[in-house]
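Commentary on secondary and tertiary structure
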Amino acid sequence: VNLRALTSWVGIARLLAVVLSCLAFSLVASTGRFGGPYGTWCMFTWCFCFAVTLLVLLLELLQLYPLLPLSWDDFTSAFSMLAALMIFTSSVVFPVTFISSPCSSNQCARQAVATTASCLCFLAYAVEVALTRAKPGDISSFLSTVPGLLKVFEAYVACLIFSLLDAYNGKPGLMWCVAVYSICFIITLLIIIFTIGRCLTYIPCPLEKMLVGYNFLALLMYLTATVLWPLYSFRGRSRPDPCGRNCWWDKHLGVTFLTIFNLIAYLVDLVYSTRMVFV
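Quick caveat: nothing in here was measured; it's all calculated off a predicted structure.

Inspection of the entire model under this criterion finds zero disulfides. Unpaired in terms of disulfides, C119 finds its nearest cysteine sulfur in C121, a separation of 9.9 Å. With relative accessibility at 35%, the residue C119 sits in the partly exposed group. Lacking any disulfide linkage, C159 is separated from the closest cysteine sulfur, that of C184, by 13 Å. Among the residues examined, C159 registers a relative accessible area of 36% and is labelled partly exposed.

Here the focus is the UniProt feature "transmembrane region" (unreviewed entry) in the protein. In the numbering adopted here, UniProt assigns the feature "transmembrane region" (unreviewed entry) to residues 6-29, 41-59, 79-100, 112-131, 173-200, 212-232 and 252-272. End-to-end, the C-alpha atoms of residues 252-272 are 30 Å apart, and along that stretch the chain is 100% helix and 0% strand.

This next bit is on the side chain of T145. Considering the arrangement of structural elements, one finds T145 in the loop between helix 5 (106-132) and helix 6 (146-164). There is a polar contact of 2.5 Å between the side chain of T145 and the backbone oxygen of F142.

Attention now moves to helix 2 (residues 9-31). Taking 1.5 Å of rise per residue, the 23 residues of helix 2 would be expected to cover 33 Å, and the 33 Å separating its terminal C-alpha atoms lies within 8% of that figure. Following helix 2 by one or two positions, G32 adopts a phi angle in the positive range, close to 75°.

For residues with low pLDDT, the predicted coordinates do not support detailed interpretation. Averaged over the protein, the pLDDT score is 89; the fraction of residues at 70 or greater is 97%. Of all the helices and strands in the protein, helix 1 (residues 4-7) carries the lowest mean pLDDT, 88, while helix 2 carries the highest, 95.

On domain assignment, one finds that the protein holds domain 1 (1-137) and domain 2 (145-278). The C-alpha centroid of domain 2 is placed 25 Å from the C-alpha centroid of domain 1. On the domain 2 side, the residues contacting the 17 residues of domain 1 number twelve residues. Contact between domain 1 and domain 2 buries roughly 1,300 Å² in total, counting both sides, with carbon and sulfur atoms accounting for 73%. Joining domain 1 to domain 2, the criterion identifies zero salt bridges. Counting across the domain 1 and domain 2 interface gives three residue pairs in polar contact (both at pLDDT 80 or more). If you list the elements that add at least two residues to the side of domain 1 that touches domain 2, you get helix 3 (36-61) and helix 4 (72-98). With ten residues, the single largest contributor to the side of domain 1 that touches domain 2 is helix 4. Taken together, the residues of the side of domain 1 that touches domain 2 break down into eleven nonpolar, four polar and two charged.

A word on the layout of surface pockets. Taken as a whole, the largest pocket holds about 1,300 Å³ of empty space. The element contributing the most residues to the lining of the largest pocket is helix 4, with 14 residues. Looking at the lining of the largest pocket residue by residue, the classes come out as 33 nonpolar, four polar and two charged. There are two domains that each give the lining of the largest pocket at least three residues, and those are domain 1 (1-137) and domain 2 (145-278).

The rules behind these values
Residues numbered from 1 in each chain as written. Predicted model: local features only at pLDDT ≥ 70, side-chain atom pairs only at ≥ 80, totals over all residues. Heavy atoms only, no water. Disulfide = S-S within 2.5 Å. Buried < 20%, exposed > 50% of the residue type's maximum accessible area, 1.4 Å probe, protein only. UniProt positions renumbered as here; feature names shortened; annotations may be inferred. Helix = DSSP H or I, 4+ residues; strand = E, 2+ residues; numbered from the N terminus. Polar contact = N/O pair within 3.5 Å; in protein donor to acceptor, adjacent residues only side chain to side chain. Expected span 1.5 Å × (residues − 1). pLDDT = per-residue confidence, 0-100. Domains from an automatic or database assignment. Contact = heavy atoms within 4.5 Å. Buried area = accessible area lost by both parts, 1.4 Å probe. Salt bridge = Lys/Arg side-chain N within 4 Å of Asp/Glu carboxyl O. Nonpolar A, V, L, I, M, F, W, Y, C, P; charged D, E, K, R; others polar. 1 Å grid on protein atoms, 1.4 Å probe; cavity = no way out; pocket = protein on both sides within 12 Å on 5 of 7 lines; lining within 4 Å. Points joined across faces, edges and corners; volume = space filled by probe spheres on them.

Dropping the structure here:
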């Protein structure tokens, strides 16, 4: 038994994440108000992060993780980054969707406490990411480096973009943007999976330079999507009045901002990858 898995700073952060995520989904479940796609997503996020983090703690406590055919450090780094992003999204989506003003009922109070627990859970995962991030010059675990963490961020933002895509058929500019999101997502996801599965060593080419080339290509592709998506989405079309929760205009605006976020992520990724390889 490795008690350090629970007493180290990383272990304490994971314990807090387990308790807070459990508190969040328990309170929301007690209200019975989590229907619809947004509520289902939030409940899935809290339950998924709770289950996987508890499994990570048990495997490290019992020292069973070396038996797994994967890179444990890469897996835990990627998961903590993914969990932080998912919990952050749920911490924003849930109160916006389900908490109404004024908040005076017992049900609303439980929803507010669940939101607070979710926000604190995000901080716990953010602390874990900060504690496990590779120090400068240490590349033993790729997904714990800044480029590796950015890969997880890029893939997650692409998933958010896919969830907002609506009415893009028949417009070549928008179809190109969807192709950009799909191609970059697939390649980025394969890099993450191959890294965790220890398969990158089988690639018959210089891996570091290949990643720099891919980041440069992805940056150019996202640059075109950043220009074409708002151009083809909003040209000659004003915001509907009223614009409800599933309004196409809001969805396209969300895709525009998420595209910009990923463009910046790929730019930072390219800069860090280039420094790691050539400097």
